[in-house]
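Letter by letter, the chains look like this.
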Amino acid sequence: MATPQQQQSLKEPVLLSQEGNEVQKTYAAPKLCTTDLNFFYGSFQALRTISINIASNKITAFIGPSGCGKSTFLRTMNRMNEALRNTRVEGQVLLDGQDLLSMDVNDVRRRVGMVFQKSNPFPKTIFDNVAYGLRVNGIYKNSVIEEAVETSLQHAALWMEVKDKLNKPASALSGGQQQRLCIARALAVNPEVLLLDEPCSALDPIATLKIEELLFRIKDIATIVIVTHNMQQAARVADYTGFFLMGELIEFDDTRKIFQNPGKKETEDYVTGRFG
Amino acid sequence: MASSSLQKNLVNYLMFGLTGLCTLMTAGILFFILGYLVYHGGRSLSWAFFTQLPAPVGETGGGMANAIIGSGKVLLLATAIGIPIGFLGGVYLSEYSGRTLSFVVRYTTDLLNGVPSIVIGIVVYALVVHPMGHFSALTGGVALGIMMIPISVRSTEEYLHAVPVSLREGALALGAAKWKAIVTVVIPAAVRGIVSGTMLDLARVAGETAPLLFTALSNQFWSPGWNKPTATLPVMIFTYAIAPYEDWHRQAWAAGFVLLTLVLLLNIIARLALARGTYVSKA
Amino acid sequence: MGTSAIVHQRAVPPGKVRSFARRLRAGDELAYLITLIAAGAIFIITALVFYELYSESSLARHKFGWGFLFSSTWDPVAGNFGALPFIYGTVVTSVLALLIAVPQGIGSAIFLAEMAPPRLSNISTFLIELLAAVPSVIYGLLGIFILVPILEHDVVPPLKSVFGSLPLFQGAFYGVSLFSAGIVLSVMIIPFIVSVSREVLLSVPRDQREASLALGASQWQTTWRVVVPNASTGITGSVFLALARALGETMAVTMVIGNTPQIKASLLAPGYSIAAVIANEFTEATGDLYLSALIELGLVLFGLTFVLNGLARILIITTSRSGGH
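This write-up is about the structure you can find in this document. Numbering of residues starts from 1 in each chain and follows the order in which that chain's sequence is written. Ligands are numbered from 1 and chains lettered from A, in the order in which they are written. Per-residue local features are limited, in this predicted model, to residues with pLDDT of at least 70; the limit for side-chain atom pairs, both in listing and counting, is 80 or more; totals at the level of whole chains, interfaces and linings are taken over all residues.

1. Some details on the overall build of chain B
Rules: Think of it this way: any DSSP run of H or I at least four residues long counts as a helix, any run of E at least two long counts as a strand, and we number them from the N terminus. C-alpha atoms define the radius of gyration in this analysis, and the globule rule sets the expected value at 2.2 Å times the number of residues to the power 0.38. Working definition of burial: number of other C-beta atoms within 10 Å of the residue's own, with buried at 20 or more, exposed at 12 or fewer, and partly exposed in between, all C-beta atoms being placed from the backbone. Here, residues touch in the contact sense if the C-beta positions derived from the backbone fall within 7 Å of one another.
Along chain B, the regular secondary structure elements total eleven helices and zero strands. Overall, chain B shows an N-to-C arrangement of helices and strands of α-α-α-α-α-α-α-α-α-α-α. For chain B, the C-alpha radius of gyration of 24 Å lies well beyond 19 Å, the compact-globule estimate for 283 residues. With the C-alpha coordinates of chain B rotated into their principal frame, the extents come out at 70 × 70 × 35 Å. Each of the 283 residues in chain B was classed as buried or not, and the buried ones make up 57%. For chain B, the proportion of contacts with a sequence separation of at least 24, taken over those separated by at least 6, is 74%.

2. Looking at the overall build of chain A
Tallying secondary structure elements over chain A gives ten helices and twelve strands in all. Residues counted as buried form 52% of the 276 residues belonging to chain A. Taking the contacts inside chain A whose residues are at least 6 apart along the sequence as the reference set, 67% of them involve residues at least 24 apart.

3. Some details on the pairing of strand 12 (residues 248-254) of chain A
All names here are of chain A. The following threshold applies: Strands are treated as partners if at least two bridges between them are detected by DSSP.
Counting buried positions over the seven residues of strand 12 gives five, a clear majority of the element. Sheet analysis places strand 11 (residues 240-245) next to strand 12, joined by six bridges and oriented antiparallel. What sits directly across from Gly-242, in strand 12, is Phe-252. Between the antiparallel neighbours strand 11 and strand 12 lie two residues, among them Met-246 with a positive phi of about 50°.

4. Here's the deal with the sheet that holds strand 8 (residues 112-115) of chain A
All names here are of chain A. Under the convention used in this document: Every axis corresponds to a line fitted to the C-alpha atoms, with the helix fit spanning only the stretch in contact, and the corresponding angles, defined between N-to-C directions, vary from 0 to 180 degrees.
Spatially, the six strands line up as an open sheet ordered 8-9-10-5-11-12, and their pairing is mixed. Each of the sheet's edge strands pairs with one partner strand only, and the pair in question is strand 8 and strand 12. Pairwise comparison of adjacent strand axes, ignoring direction, gives a mean angle of 20° for this sheet. Across four bridges, strand 8 lies against strand 9 (residues 193-197) in parallel orientation. Pairing of Gly-113 across the sheet is with Leu-194, part of strand 9. Against the sheet, helix 6 (residues 175-188) makes contact with strand 8 and strand 9, and its axis sits at roughly 170° relative to strand 8, the strand it touches most.

5. A few points about the interface of chain B and chain C
Threshold: Under the scheme applied, nonpolar residues are Ala, Val, Leu, Ile, Met, Phe, Trp, Tyr, Cys and Pro; charged residues are Asp, Glu, Lys and Arg; polar residues are all the others, including Gly.
On the side of chain C, 73 residues touch chain B, which itself brings 71 residues to the contact. Top element by residues in the side of chain B that touches chain C is helix 1 (residues 2-44) of chain B. It accounts for 18 residues. Grouping the amino acids of the side of chain B that touches chain C by side-chain chemistry returns 48 nonpolar, 17 polar and six charged.

6. Some points on the sheet that holds strand 3 (residues 32-41) of chain A
Consider a sheet: its strands pair through backbone hydrogen bonds, and that pairing is either parallel or antiparallel. All names here are of chain A. The antiparallel open sheet is built from four strands, whose spatial order is 4-3-6-7. Two strands close off the open sheet at either side, each with one partner strand: strand 4 (44-54) and strand 7 (98-99). Summarising the sheet, strand 6 (residues 87-95) and strand 7 pair through two bridges and their orientation is antiparallel. The partner of Leu-94 across the bridge, within strand 7, is Asp-99.

7. Points about the environment of B:Leu45
All names here are of chain B. With respect to the element layout, Leu-45 can be found in the loop between helix 1 and helix 2 (47-51). Accessibility expressed as a C-beta count within 10 Å gives 19 for Leu-45, which makes it partly exposed. Residues Leu-45 and Leu-34, eleven residues apart in the sequence, show an inter-C-alpha distance of 15 Å. Once you skip the residues sitting within four places of it in the chain, Leu-45 turns out to touch Ala-254 and Phe-257.

8. Focus on the environment of A:Met77
Here A:Met77 shows up in the loop between helix 1 (70-76) and strand 6. When residues no more than four places from it in sequence are discounted, the contact partners of A:Met77 are A:Leu32, A:Val93, A:Val112, A:Leu195 and A:Val225.

9. Observations concerning unusual backbone geometry
Residue A:Asn57 is not a glycine yet carries a positive backbone phi of 55°. Within the secondary structure, A:Asn57 is located in the loop between strand 4 and strand 5 (59-63). Here A:Asn57 falls in the partly exposed class, since 17 other C-beta atoms lie within 10 Å of it. Although it is not a glycine, B:Leu217 adopts a positive phi angle of roughly 55°.

10. Some words on helix 3 (residues 65-96) of chain B
Operational definition: Here the expected length of a helix is defined as 1.5 Å per residue gap, with one fewer gap than residues. By definition, a residue's bend is the angle between the axes fitted to the seven residues ending there and the seven starting there.
Across its 32 residues, helix 3 of chain B extends 45 Å between first and last C-alpha, which sits within 8% of the 46 Å expected from 1.5 Å per residue. At B:Gly82, helix 3 of chain B shows its strongest bend, of approximately 25°, with the proline B:Pro84 following within four residues.

11. Details of the nonpolar core
Just so we agree on the cut-off: Put simply, a nonpolar core is buried Ala, Val, Leu, Ile, Met, Phe, Trp, Tyr and Cys residues tied into one set by C-beta atoms within 7 Å.
Grouped together as the largest cluster of nonpolar side chains are 283 residues, with contacts concentrated most on B:Ile237, B:Ala255 and C:Ile193. Among residues more than four places away in sequence, those in contact with B:Ala255 are B:Met64, B:Ala67, B:Leu233, B:Met236, B:Ile237 and B:Tyr240.

12. Digging into the packing of helix 11 (residues 246-275) of chain B against helix 7 (residues 136-163) of chain C
Let me state the cut-off plainly: In this scheme the crossing of two helices becomes right-handed for a clockwise turn of the near helix relative to the far one and left-handed for an anticlockwise turn of less than a right angle.
It is the contact of helix 11 of chain B with helix 7 of chain C, at a shortest axis distance of 10 Å, that shows an interaxial angle of 145°. Note that helix 11 of chain B runs across helix 7 of chain C; the crossing there is left-handed. Contact residues: helix 11 of chain B offers B:His249, B:Ala252, B:Gly256, B:Leu259 and B:Leu260, while helix 7 of chain C offers C:Ile138, C:Leu141 and C:Phe145. When the residues that make up the contact of helix 11 of chain B with helix 7 of chain C are grouped by side-chain class, the tally is six nonpolar, two polar and no charged.

Following this line, the structure appears as structure tokens:
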């Protein structure tokens, strides 16, 4: 089984690995690309010169101990950190080769969706939750909205469970269903990238499994980046995995390599549980 | 050891009893007030009170229909002036302001809240009544409206703050502009608190008398429009209570009963709603 | 529709969404501006309150200077105005009110926050909140018709028989008096002391209580030696807040104080307060100097409450911060 030679700061297009034993030598432009990204909360530097290429229509996972900067990194890619006071970002983030940091922020967030650690359905009906993103982005035509709601709920593997109670409040759903609703809500605006910030940390194993299954299915329509504290989860779902420690990206490679044959001592310590 | 623990317990029961007595006396005042108003006011209340004009001096009977309508008009104006400014100011504090400016606005709001109501009356007299040349429902509304602003600001800010950050982030992450997230998610989630806060605010100014003395003044007759001196329930209670006529005292009790019922009802409804939580988690 | 079929289907054409998003950007600037204007209006109104009081009282301020505060003549006919009798009446009634209200209010707050079972505490808190909502003019009404007769027949005669030799209880009692006003005021400010003190007490961290209880201290010992000292600054703040209320209280005082501009040592004598004289004479004031003197009284009242409120806020904020809230 060959693994593409990847460096942690890839300037050139990423080499995509394929199922099976062959590596197809096609170069795809990365969906997201950061160069020397630094991030500060006041004087505290949370990210240190992160350079990475994230492959299109793949699942990329970031692991690392609490406070290592993985969530901060995720939130830089849809600029959610800007809502916080007294923060500063340096470096470059490219989305499809365009400078993400100088784009219209609402536009960025529409294109780069996000699912949060704790499910956060709005105090509205199930239907209105999924329709919300369309409406705030200026789509009011009912037929379009209805179709998008159904499609998104199908993607999130929630349609069969909620199709008869679309007008019920979202708070009536279980925790796992609420999180899938949030995924459906994010998918409804048709994002190119979907960021997931520890989406299963509050869920039971069955609900977690459902979400992992749906991630496999939606990677055809969106590039997926997931932050998780659960290494097994990264090993199960991700094509590529990055390891963060103290604000630095220690290693970024094919998931199998990270878990079976890591290149750095720190990574090995962490994935084998010898860390800390 | 045993005697010290006995003593400890005795002191504990004694203080439980003493502080409990304080509470009983405090809460008891409410029943004292209610009892007297129901007794005197209920007895003096009649259909005529709600439908007739005040009787001329020396005659018995009559009512305070004009003061009931007058209070309604002045409060309507006050709400129309005070609530929009207070609500938007609260939104500013909760959603938009920086640290320094929010301190300034919050501090001036507290200051305005602490200004004695009679002083508000003087200022509105000097600023509005004097230039206009006459007392009116309009100026009464301005005075009460100013008094409504601080509470409206603080309650709006408080209830918006109670909305979880995760909801705001959820909306922003879908590409909603900030104002859209506020209008479509944050404010609807806080709406119960904000409406209840407004009711409490209204209840507070509904009983205000002092600022109306030099603004709406009073009137023994109907005052159509917004530009005439206008009778209001609190001012009527005051003038009737200090007048030397037995029948007017009766009327003052009746008016007090009506006013207190209105104020307490508003309070009870608002507080029961608030007790169910200020952040709406259901659609 | 099978899930595999819909996977490749995009919900909405991307270009369409983007152009709308861009147009909405202008909305944020507008929303910011609208709320900023409202916030600015609050600032301007508060500044106007001070400015109007200051500028409209210039006539009296220039004529009497600081002497205004220390002169006890109030003669509208001769055009001589001094604020002392009103300041005296205001201070005496407020202090009397505090003497009654502070122990009872703090006692109630301790009971509600520390001693009472939760259900009883909730119900009592609710009732006391309702008490705070009773309008001033209703207190005045009850003051004139209920309290004053009770004081006249049942309270003052025994008081006089015991303390009659003290200057505080000399002279005839006609019902309306500094004493009556102080009592009414005390009833009015208790709810404020209770609700603010209760919140300050509740903001003391739970671990402080638990540490004390775990050492075998009783509920009361914990309350008195740990919780109350922790909250004392904030409780002082609540007293200042209540004092500011009492000083500015108008209607109830006007109805029971007697409205006589004099300085008498006896609490049983009628007096006058700043707010009451404004309420009674403002619309009848003839001549600019008279009006200006009344407005200067308003300025004095504003200044007093300004200082007290400011102090109270600082004290309350300090406690809730150090309380680790």
